[in-house]
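Examination of the molecular architecture
Each chain, letter by letter, is given below.
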Amino acid sequence: MNTEITLKINNLYKNYGNIKASENLNFEAHRGDIIALLGPNGAGKSTLMNMIAGYLAPSSGNIEVLGKNIAQFPLFAKDNIGFLPEGAPLYADLSVKRFLLYMAQIRGLGKKDVDKVAHIANIENVMTQKIDTLSKGYQRRVGFAQSILSNPPILLLDEPTDGLDPNQKDYIRTLIKSMSADKTIIISTHLLEEAESVCNRIILIDKGKIKADADLPNLLKQTDSKDIAEAFRILTKEDM
């Protein structure tokens, strides 16, 4: 296993008034990790992703990207993180090509980079269409293409296969695994089979707290479960 630490989360909190969306989160991620971020709706998965991406400031605690605190080096962090947020890409009135060229220019990249990610994401046939005319599945693939434009060492994917048909899901999952050797990839998903088939590590969050952080065999052992669905139910069970 690659021991290089690419991402470090230290004592991370995010509060909205009296509500703790994230509470004392701590973990390290390494190059080669494909981490499934699991949890019920409202558990704090997207909040964590947005804090790592720099779109949301934590109430307290630190996030380090490649050894640098993102509060002190925000541009460095953004240069080294690719982010696929939940929902459709911005600038839905632009064509796919114009959107990707714009995102490339912001990163100091050019047409070659756009052509490359369009091929990787398999969206070459819709490059001239406006984003708001595309199916949800194609919109996700456009979003995925922009997230890998700069070939970042850290990739945050919020529901990357949402809206994709089974063949498209298989394609994106295979692609994620093929890219993982030199990257840290964190996937927020509600699809347990995605966590099981793609990821080599599972972090389960509930009510803003990390309830488990392990590979699948150890997660099943820790919860005395026969499968990931049973482990999920045990770890997110409401107190009676």
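Above this text you will find the structure in question.
Just so you know, these numbers come straight off a predicted model, no measurement behind them. (Residues numbered from 1 in each chain as written. Predicted model: local features only at pLDDT ≥ 70, side-chain atom pairs only at ≥ 80, totals over all residues. Heavy atoms only, no water.)

It is worth spelling out unusual backbone geometry at this point. Residues apart from glycine generally show negative phi values, whereas peptide bonds are mostly found in trans. In this model, N11 sits at a positive phi of 45°, which is unusual for a non-glycine residue. As for its placement among the helices and strands, N11 is situated in strand β1 (residues 5-16). Using a relative accessible area of 42% as the deciding quantity, one classes N11 as partly exposed. Of note, the phi angle at K207 is positive, near 55°, even though the residue is not glycine. Within the secondary structure, K207 sits in the loop between β9 (201-206) and β10 (209-214). When its relative accessible area of 46% is taken as the criterion, K207 is described as partly exposed. (Helix = DSSP H or I, 4+ residues; strand = E, 2+ residues; numbered from the N terminus. Buried < 20%, exposed > 50% of the residue type's maximum accessible area, 1.4 Å probe, protein only.)

This paragraph deals with the pairing of β10. Within a regular strand, side chains alternate between the sheet's two faces. Alignment of β9 against β10, held across five bridges, turns out to be antiparallel. Bridge pairing in β10 links I202 to A214. In textbook terms, the turn of a hairpin is the stretch between consecutive antiparallel strands, and for β9 and β10 this stretch comprises two residues, one of which, K207, has a positive phi near 55°. (Pairing = 2+ DSSP bridges.)

Here the focus is the layout of surface pockets. In this model, the largest pocket occupies a volume close to 640 Å³. Lining the largest pocket we find 24 residues, and of these Y55, F83, M103, R107 and Q146 sit closest to its centre. At the level of elements, α2 (74-79), β6 (81-84), α3 (96-106) and α5 (136-147) are the ones that each hand at least two residues to the lining of the largest pocket. For the lining of the largest pocket, a count of residues per class yields 14 nonpolar, five polar and five charged. (1 Å grid on protein atoms, 1.4 Å probe; cavity = no way out; pocket = protein on both sides within 12 Å on 5 of 7 lines; lining within 4 Å. Points joined across faces, edges and corners; volume = space filled by probe spheres on them. Nonpolar A, V, L, I, M, F, W, Y, C, P; charged D, E, K, R; others polar.)

Spatially, β2-β1-β4-β5 is the arrangement adopted by the four strands of the open sheet, whose pairing is antiparallel. Because the sheet does not close on itself, it has two edges, and the strands there are β2 (19-30) and β5 (68-69). Strands β1, β2 and β4 (60-65) of the sheet are contacted by helix α1 (residues 45-53), whose axis makes an angle of about 120° with β1. (Contact = heavy atoms within 4.5 Å. Axes fitted to C-alpha atoms, helices over the stretch in contact; angles between N-to-C directions.)

End to end, α5 covers 17 Å across twelve residues, agreeing with the expected 16 Å (1.5 Å per residue, within 8%). Where burial is concerned, most of α5 is hidden: eleven out of the twelve residues are buried. For α5, the full list of buried residues reads G137, Y138, Q139, R140, R141, V142, G143, F144, A145, Q146 and S147. In this structure, the buried side of α5 is in contact with β6, α3, α4 (111-120), β7 (154-158) and α6 (166-179). (Expected span 1.5 Å × (residues − 1).)

The next point concerns the side chain of Q146. Take Q146: it is sitting in helix α5. Contact partners of Q146, with chain neighbours within four places excluded, come to F83, L84, P85, F99, L100, M103 and R107.

What follows is about α4. Along α4, the positions that sit buried rather than exposed are V114, V117 and A118. Considered in projection along α4, the buried side chains sweep an arc of 105° and stay on one side of the axis. In α4, the exposed positions angled more than 90 degrees off the buried face are occupied by K112, K116 and H119. Contacts made by the buried residues of α4 are with α3 and α5. Among the residues trailing α4, N122 stands out with phi positive, at a value near 60°. (Arc of directions from axis to C-beta.)

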